[in-house]
Amino acid sequence: MDETTKAYLRNLIPEGTPNGRKILAEGLAIGKTVNAGKSRFQREKGYASDVDYRQEMKEKGEMVWGIIMGLSSVDEQVKGMEYLYEFGKRTGKEIDLLFVIANMLTGLPRNLREKAPKGTSFVFDKPEDWQRMAEAAPISVCFGDFHLGSPNSLENTIRAVEYGSSYNGVLSQISWDFPFYNNDLEFVSSVLKALGVLASKWDEKYVVNTYYDDGIPGYFMDYASYLGYGMFERYIVTDLCGVRYSASYGQLMSMPAQKTAFTMACAKVFDLPDQPGVNYVYSNAIDHWDHDIEANYGISLQEYLMLILANKKYHIGCRIETIPITEKIAVPTPEAIANMQAAAQRLEEKTEQWERMMDFSWCEEMRDLLIEKGTQFFNNILKGLQEAGLDTKDPLQMLMILRRIDAIKMEKIFHPSIRENADGAFTPYVPTTMGQQCQEIKDGIVQEMLDAGYSGKLSGKRIVVVSADAHYYGSFVVCNVLSALGADVVNGGVDFDTVDVLDLAEEEDPDYVCISVHNGQALDFAKQLMELSRERPKQYPVFMGGKLNGILPGATEPTDVSYLVSEMGVTACQSLQAMVDYLAKPLV
Ligand code: B12
């Protein structure tokens, strides 16, 4: 690992970071004073923990069914749960578990909630809010979003434990930014103390839940990196903090066989003798339509079928979390939620007919490859952090890495292919859905341009590429195409502000700067960038592409703003090929 990378990793740990073992011990001490409560589900069904129910279903090879729901108020949420319980009684298609989607404000300390934008769904406030949800129906509850993994982790996890939430939080959300909150040490310490609380409840089977697609792995190009990242989380949670761990994922995974293989790999890696290692597999949310929505049954049910069959064969004990066909157009109602549950559970009725025809050998091979390469990715993380001088036994330092590391850099630094390939190129072993689509788009454009005689046309040109928002894949394609045509490319990553773009340009001194923008801010971004660049010692030619639209004053719908962006002095490009034509011109 080079010195720049080591320095990057070292700098992720802020000055004055205290000893994490002491903070964990504080959490453990708090945990001993917290009562491990029993939810209505656990009392009425006779299980000491949801984990015991899950383990029983795993041993039988039976499916566990879940949903996610976040309605506008606690009252609505409770009514929704009552409705779903009645629905299950009437149809025999009962829902086992509800994953609770609270408002982001729940994750903020109370004194900061006033200022922050509200968004949809309810905010947890009084202890009764947790209690009412745990008691609304004999459906087990998982207090997930904005609990463990948020700046308010400690308080929210204590409440979740008191009301019997066996699965806790979304650990991967530790990488999220919260409005008006910028104290990373306080944030990560709260997560660590919450882990201490859960560590005091190993015997009562409280478990940390994570959801890969929400966090750093949502940016990865390879599912082997997803698994390696998961192993790193599990190392922190179980090996360093003494807490049970479970994996969840799914909305960015649209290929059912890869999803099934990934599920088989997670089960093999994360299972404990008394606890399934996979918590839930969420449905593909990339391919749903927002028109003619009944067609969305086709997308969802085929992936459930494969997961049900794998669960029967391999006894995974995972829960499928179904997605309503209305998901893409509005916050789903309890009726829409019940509707897809019923469809999925009716599908399960006839699965024996399919069992004898299934051959999972392709998935098994992929499972083994994922485990082999995921393990290497994980080992590279630990070794790399040690080489950089970090204390890999300190849970606070390790959680700080999860909070602060740039996802794209993480995959680039630790992916095994970078070390295996003589030229240091990145090649995914099991490309993620978006990763695969991007590779295909990139290969297509490169081939087209090589055929058109563009080979080497960008040799000797140094180009900085960044994304101004969370969308990464467009900038990935841009970087790779420019490199393939001979350019020396610096991929800055995502979420760049105008000032960051100018700072990076000053650092790297490129010939050109390329900005990928998708979220409707293209015009404002271009305007501000040009204003600020006039105050800098050197100006660079700037190109912009992606989705260059925005809502103009007086309009309600977004329109194309490319021509206005160009008027600002930034060259707006309708396509990557169009930009290459500009870049291929000789430098003046
Ligand atoms: C995947 C995705 C996400 C993922 C991104 C994950 C990731 N790691 O990148 C997640 C779930 C995080 C996401 C979030 C959001 N998304 Co989104 N997302 C998409 C989606 C489905 C695919 C985009 C993509 O990666 N395409 C693949 C790449 C290869 O194609 P591309 O980006 O178009 O790039 C090509 C060209 O445009 C060009 N290009 C790209 N950049 C550049 C730069 C230069 C200089 C040049 C010359 C060319 C160029 O080259 C590429 C190859 O041809 C699109 C819908 C769609 N199907 O396009 C919505 C979409 C882009 N998202 C959208 C929105 C609104 C959002 C959110 C704001 C939603 C929300 N309210 O939370 C957030 C943004 C959050 C933020 N902080 O920025 C909207 C944008 C609407 C608009 N501007 O009109 C879209 C179009 C969906 C929609 N129909 O509403 N999203």
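Residues numbered from 1 in each chain as written. Predicted model: local features only at pLDDT ≥ 70, side-chain atom pairs only at ≥ 80, totals over all residues. Heavy atoms only, no water.

Q: Looking at this structure, how should I read the coordination of the cobalt atom of the ligand?
A: Protein coordination of the cobalt atom of the ligand is limited to a single donor, His471 (NE2), positioned at 2.2 Å. Position of histidine 471 relative to the elements: it lies in the loop between strand 9 (462-467) and helix 19 (473-484). (Donors = N, O, S within 2.8 Å, 3.2 Å for Na, K, Ca; no water. Helix = DSSP H or I, 4+ residues; strand = E, 2+ residues; numbered from the N terminus.)

Q: What exactly am I supposed to notice about the domain arrangement of the protein here?
A: When the parts of a complex come together, some accessible area is lost, and that lost area is often used as the size of the interface. Its domain assignment divides the protein into domain 1 (3-363) and domain 2 (433-583). Centre-to-centre separation of domain 1 and domain 2, based on C-alpha positions: 36 Å. Across the domain 1 to domain 2 interface the summed buried area is about 800 Å²; carbon plus sulfur atoms make up 61%. It is Tyr219, Met221 and Met255 that lose the most area in domain 1 upon contact with domain 2, and together they represent 67% of the buried surface on that side. (Domains from an automatic or database assignment. Buried area = accessible area lost by both parts, 1.4 Å probe.)

Q: Explanation requested: the side chain of serine 225 in the structure shown.
A: Here serine 225 is to be found in helix 9 (residues 223-240). Here glutamate 411 takes part through its side chain, which lies 2.6 Å from a polar atom of the side chain of serine 225. The contact partners of serine 225, leaving out residues within four places of it in the chain, are Phe220, Phe377, Glu411 and His415. (Polar contact = N/O pair within 3.5 Å; in protein donor to acceptor, adjacent residues only side chain to side chain. Contact = heavy atoms within 4.5 Å.)

Q: Got a minute to help me understand the packing of helix 19 against helix 23 (residues 576-583) in this structure?
A: Closest axis-to-axis distance for the helix 19/helix 23 pair is 11 Å, and the angle between their directions is 40°. The angle between helix 19 and helix 23 places the two elements in the oblique class. Note on packing geometry: the crossing formed by helix 19 with helix 23 is right-handed. Counting all contacts with helix 19, which are made through Val477, Val478, Val481 and Leu482, the residues of helix 23 involved are Leu576, Met579, Val580 and Leu583. Across the contact of helix 19 with helix 23, the residue classes tally to 8 nonpolar, no polar and no charged. (Axes fitted to C-alpha atoms, helices over the stretch in contact; angles between N-to-C directions. Parallel < 35°, antiparallel > 145°, perpendicular 65-115°, else oblique. Left-handed = near helix turned anticlockwise from the far one by under 90°. Nonpolar A, V, L, I, M, F, W, Y, C, P; charged D, E, K, R; others polar.)

Q: I keep staring at the pairing of strand 7 (residues 278-282) and nothing clicks. Help me out?
A: Along any regular strand the residues' side chains alternate between the sheet's two faces. Of all 5 residues that make up strand 7, 5 are buried, and the element is covered over most of its length. In this structure, strand 6 (residues 244-249) lies alongside strand 7, joined through 2 bridges in parallel fashion. Note that in strand 7 the partner of alanine 247 across the bridge is valine 278. This β-α-β element, strand 6 to helix 10 (residues 256-270) to strand 7, shows right-handed connectivity. The β-α-β motif built from strand 7, the intervening helix 11 (residues 296-314) and the parallel element strand 8 (residues 319-321) has right-handed crossover chirality. (Buried < 20%, exposed > 50% of the residue type's maximum accessible area, 1.4 Å probe, protein only. Pairing = 2+ DSSP bridges. Right-handed = clockwise from strand over helix to strand, strands pointing away.)

Q: In this structure, what is going on with unusual backbone geometry? I would like to understand it.
A: Among all residues except glycine, the phi angle is most often negative; among peptide bonds, the trans geometry is most common. Of note in the backbone geometry, phenylalanine 146 takes a positive phi value of approximately 65° without being a glycine. Along the chain, phenylalanine 146 falls in the loop between strand 3 (140-143) and helix 7 (153-162). In this structure, aspartate 292 is a non-glycine residue whose phi angle is positive, near 45°.

Q: Explanation requested: the packing of aromatic side chains in the structure shown.
A: In this description, an aromatic ring pair is defined by two values, namely the gap between the centres and the angle between the planes. The full count for this structure, using the stated rule, is 31 aromatic pairs. Ring centres of phenylalanine 543 and tyrosine 582 lie 5.6 Å apart, and the angle between their planes is 55°; on these two criteria the pair is classed as tilted. A residue pair is termed long-range when its members are at least 10 positions apart, and phenylalanine 543 in strand 12 (residues 542-546) and tyrosine 582 in helix 23 qualify at 39 residues. Residue tyrosine 582 is classed as partly exposed on the basis of its relative accessible area of 39%. The structure contains a cluster of three or more aromatic residues connected by ring pairs, namely Tyr212, Phe220, Tyr223, Tyr226, Tyr229, Tyr249, Phe262, Phe377 and Phe414. When the ring centre of tryptophan 202 is taken as reference, the NZ or CZ atom of arginine 244 above it lies at 4.5 Å. The side chain of lysine 409 reaches across the aromatic face of tyrosine 8, ending 4.5 Å from its centre. (Phe/Tyr/Trp six-rings, centres within 6.5 Å; stacked < 30°, edge-to-face > 60°. Lys NZ or Arg CZ within 6 Å of the ring centre and 35° of its normal.)

Q: Could you clarify how one ought to interpret the nonpolar core in this entry?
A: Nonpolar side chains in soluble globular proteins tend to be buried together. Ranked by internal contacts, the top residues of the largest apolar core, which has 113 residues, are Leu195, Leu227, Phe232, Phe262, Leu370, Leu399 and Met410. Here this core gets 11 residues from one element, more than from any other, and that element is helix 9. For phenylalanine 232, the contacting residues outside a window of four places in its chain are Phe378, Ile381, Leu382, Leu385, Met398, Ile401, Leu402 and Met410. Counting 30 residues, the second largest nonpolar core, distinct from the first, contains Phe426, Ile463, Val481 and Met579. (Core = buried A, V, L, I, M, F, W, Y, C linked by side-chain atoms within 4.5 Å.)

Q: Can you walk me through the pattern of salt bridges in this structure?
A: Close approach of charged atoms allows side chains of opposite charge to pair. This model, assessed by the stated rule, comprises 35 salt bridges. Taking the shortest distance from any N to any O, the salt bridge between glutamate 349 and lysine 93 comes out at 2.8 Å. Here glutamate 349, found in the loop between helix 12 (334-348) and helix 13 (352-355), pairs with lysine 93, found in the loop between helix 5 (74-91) and strand 2 (97-100); they are 256 residues apart in sequence, far enough to count as distant. In this structure, the salt-bridge partner of lysine 126 is aspartate 129, at a minimum N-O distance of 3.8 Å. Taking the relative accessible area as the measure of exposure, aspartate 129 reaches 4% and is therefore buried. Residues joined by salt bridges that share partners form a network here, namely Asp177, Asp184, Arg403 and Arg404. (Salt bridge = Lys/Arg side-chain N within 4 Å of Asp/Glu carboxyl O.)

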